[in-house]
Amino acid sequence: MVSGLVTIGVAIEPDWLTTHWAVSVSMELGRRLPLRFTLGFNRYPPHITLYQASFRLNPELLESSLQEIEWWPAYSAAVAGLGVFAESFIFADLQSSPELLAMHQSAVRALVTHRAQDAAPAARQGLVCLSTRETENVKQFGYPFCGDAFRPHITLGRASSLVGRGELDAILAGFPPPRETTFQRLTLYVGGPDGQCDR
C-alpha cells in the first residue's frame with residue numbers, strides 16, 4: 001500500500017515482442033553507458049505513458065478512473081527511433097496518431113482533477129532543456145507531454161552522462177525494432193525519480 005505524495009501514471013503495455021526488444025535494448029544501453037536503471041520483465045517493465053502526475057492518494061483509489069479512459073487494445077503503432085529527452089532520458093519514440101492522442105486526452109481528463117495541484121512528479125524536478133510548452137504543461141498538468149506536445153514513447157533508461165547520437169544509432173542498427181507494436185493492457189503504475197515504473 002502506497003500512501004502520501006506519490007507519482008502515478010496510466011500507461012499501455014506493449015506486446016511481448018516489443019517488450020522483449022525494449023528490455024534487450026535497455027540492457028545493451030546499460031552495457032555501453034552508465035544508466036541509473038534498466039528495464040526488466042518484472043521490475044521496471046516497458047510501457048507507453050498516457051499521463052503521469054503526483055497524487056496524495058493510494059494508487060488503488062484511482063483504479064476506478066481507468067474505466068473512464070477510452071483505449072483500443074487491438075491498436076498498433078511502430079517504433080520511430082531512439083531519442084533523448086532532457087539530456088538524460090533515453091526514449092524509444094513511437095509514431096503518434098489520432099488514436100494515441102485520443103487515448104492520452106482521455107487519460108488526462110480522467111485523472112487531472114485528482115492530482116496534487118501544488119506538486120510536480122519527482123521525475124520532473126530539475127529537468128533541463130524543456131521547451132516553453134513542456135514547462136507550461138508541467139505547471140498545468142504535472143506532465144510535460146500533454147496536448148499537442150504529447151510524445152508517445154518507451155523510456156529505456158536514464159543516463160548519468162550525455163548520450164551521443166552515434167551511440168543510439170549503433171544500438172538501433174544492432175537491435176532493429178519490431179515492425180509494429182500492439183497494446184496489450186491498460187495499467188496504473190508508481191513512478192520513480194528516474195522515470196522508471198513499478199506496477
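The rules behind each value
Residues numbered from 1 in each chain as written. Predicted model: local features only at pLDDT ≥ 70, side-chain atom pairs only at ≥ 80, totals over all residues. Heavy atoms only, no water. Helix = DSSP H or I, 4+ residues; strand = E, 2+ residues; numbered from the N terminus. Axes fitted to C-alpha atoms, helices over the stretch in contact; angles between N-to-C directions. Parallel < 35°, antiparallel > 145°, perpendicular 65-115°, else oblique. Left-handed = near helix turned anticlockwise from the far one by under 90°. Contact = heavy atoms within 4.5 Å. Nonpolar A, V, L, I, M, F, W, Y, C, P; charged D, E, K, R; others polar. Core = buried A, V, L, I, M, F, W, Y, C linked by side-chain atoms within 4.5 Å. Buried < 20%, exposed > 50% of the residue type's maximum accessible area, 1.4 Å probe, protein only. Salt bridge = Lys/Arg side-chain N within 4 Å of Asp/Glu carboxyl O.

A. Region of the structure containing the environment of Arg-179. With respect to the element layout, Arg-179 can be found in the loop between α4 (165-174) and β8 (181-191). Considering only alpha carbons, one finds Arg-179 and Ser-76, 103 residues apart in sequence, at a separation of 9.8 Å.

B. Looking closely at the packing of helix α1 (residues 16-32) against α4. Direction vectors running N to C along α1 and α4 enclose 135 degrees, while the axes themselves pass 11 Å from each other. It follows that α1 is oblique to α4 by the angle criterion. The crossing of α1 and α4 is right-handed. Residues Trp-21, Val-25, Glu-28, Leu-29 and Arg-32 of α1 form the contact with α4, whose participating residues are Glu-167, Leu-168, Ala-170, Ile-171 and Leu-172. Residue classes in the contact of α1 with α4 are distributed as 7 nonpolar, no polar and 3 charged.

C. Structural view of the nonpolar core. By size, the foremost hydrophobic cluster in this structure holds 53 residues, and its most contacted members are Val-10, Leu-29, Tyr-51, Ile-90, Leu-156 and Phe-183. The element that contributes the greatest number of residues to this core is helix α2 (residues 98-111), accounting for 6 residues. Discounting residues that sit within four places of it in the chain, Leu-29 has contacts with Leu-35, Ile-90, Leu-156, Leu-168 and Ile-171.

D. Spatial organisation of the pattern of salt bridges. A complete count under the given rule lists 6 salt bridges for this structure. Across the salt bridge formed by Glu-28 and Arg-31, the nearest N and O atoms sit 2.9 Å from each other. Taken as a pair, Glu-28 and Arg-31 lie in helix α1 at a separation of 3 residues, close to a single helical turn. Asp-148 serves as the salt-bridge partner of Arg-133, at 2.6 Å between the closest nitrogen and oxygen.

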